[in-house]
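Residues per chain, in single letters:
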Amino acid sequence: MTHPEILQALRRARDLTDRDFAQPLTLDAMAAAARLSKFHFARAFASAYGETPRTYLTRRRVERAKDLLRAANLTITEVCFCVGFESVGSFSARFKELVGTSPTEYRRRHRRECAIRKKHRRRAPGSVWPMIKKLSHVNVFVEDQDRAKEFYTEKLGFEVRSDATMDGFRWLTVGPKDQPDLNILLARPQPPMFTEEDAATLLGLVAKGVMGAGVIETDDIQGAYEDLKGKGVTFLQEPAERPYGIEALFRDDSGNWFSLNQHKRYG
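Residues numbered from 1 in each chain as written. Predicted model: local features only at pLDDT ≥ 70, side-chain atom pairs only at ≥ 80, totals over all residues. Heavy atoms only, no water.

A.B. asks: Can you tell me about the sheet that holds strand β5 (residues 212-217), naming the residues and giving the values?
C.D. replies: Strand order in the open sheet formed by 4 strands is β5-β8-β7-β6, and the pairing between neighbours is mixed. Sheet topology places β5 and β6 (234-242) at the edges, where each strand pairs with a single neighbour. The average angle at which neighbouring strand axes cross in this sheet is 20°, direction not considered. Pairing of β6 with strand β7 (residues 245-251), which is carried by 6 bridges, proceeds in the antiparallel orientation. Its bridge partner lying in β7, Arg-242 is registered against Gly-245. (Pairing = 2+ DSSP bridges. Helix = DSSP H or I, 4+ residues; strand = E, 2+ residues; numbered from the N terminus. Axes fitted to C-alpha atoms, helices over the stretch in contact; angles between N-to-C directions.)

Okay, structure coming up:
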């Protein structure tokens, strides 16, 4: 395998871990997702991501546990088993190791902070009009612009805003149909914007699947999830309750991940 192919293989295993962290995942299962031998996979994963597959799995479980401790009305034991730990003792030990406090204290501290914020929330007295009016363009790095154009238009339903080549650089922008003033630049890192070395570094990060590209809003997250999944979009997380609403996570064709959100309505 070439280096980009290995990174893509590792990303498949990482995506499996992100989706199925609550299941009894083994190193064999992760290696099978990457289509690599167990020992080659373990070495390559640690080299690419700076931690072993087992450490990544544990961290992913603890991150989900933090969400549940903040938002769900579950006991510590229920949270423990919901995120894939086999005993409360191991859960508490790993949680404290990574977060610095026990699950019980983490929940208690979060509730105290929420109460303080609610008590002291005030509307700002007056407002000042800023000189900056709006954000019009954002950048998403992609491996292949033609493939990205197909993904964003045919799967996400975005429209092409511009597609022109200037001085050897292809300016390709897309955006949501209901948000005409936002342009997403689908750019492949390359000279003259980047040196060859920097371009290769950026493409490597994209291939590893560590680049977050943004948050996409919807009024019907379950419907959007079913529609995108039916079109072959890779989801890292199905819709789940969060303090701010309901969230799912998916990747584009290059490996960038997006948060798909249905926000809570207040007031």
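A.B. asks: Report on the layout of surface pockets, specifying residues and quantitative values.
C.D. replies: Empty space among the atoms becomes apparent when a probe as large as a water molecule is rolled across them. Estimated volume of the largest pocket: approximately 650 Å³. Along its surface, the largest pocket is lined by 25 residues, and Leu-156, Phe-158, Pro-176, Ile-216 and Glu-217 are the ones closest to its centre. At the level of elements, β1 (137-141), β5, α10 (221-230) and β8 (257-263) are the ones that each hand at least two residues to the lining of the largest pocket. Here the element with the most residues in the lining of the largest pocket is β5; it accounts for 5 residues. Grouping the constituent residues of the lining of the largest pocket by class yields 14 nonpolar, 5 polar and 6 charged. Here the second largest pocket defines a volume of roughly 400 Å³. If you list the elements that add at least two residues to the lining of the second largest pocket, you get α1 (3-20), α4 (53-71), β6, β7 and β8. Element by element, the count of residues in the lining of the second largest pocket is highest for α4, at 7 residues. (1 Å grid on protein atoms, 1.4 Å probe; cavity = no way out; pocket = protein on both sides within 12 Å on 5 of 7 lines; lining within 4 Å. Points joined across faces, edges and corners; volume = space filled by probe spheres on them. Nonpolar A, V, L, I, M, F, W, Y, C, P; charged D, E, K, R; others polar.)

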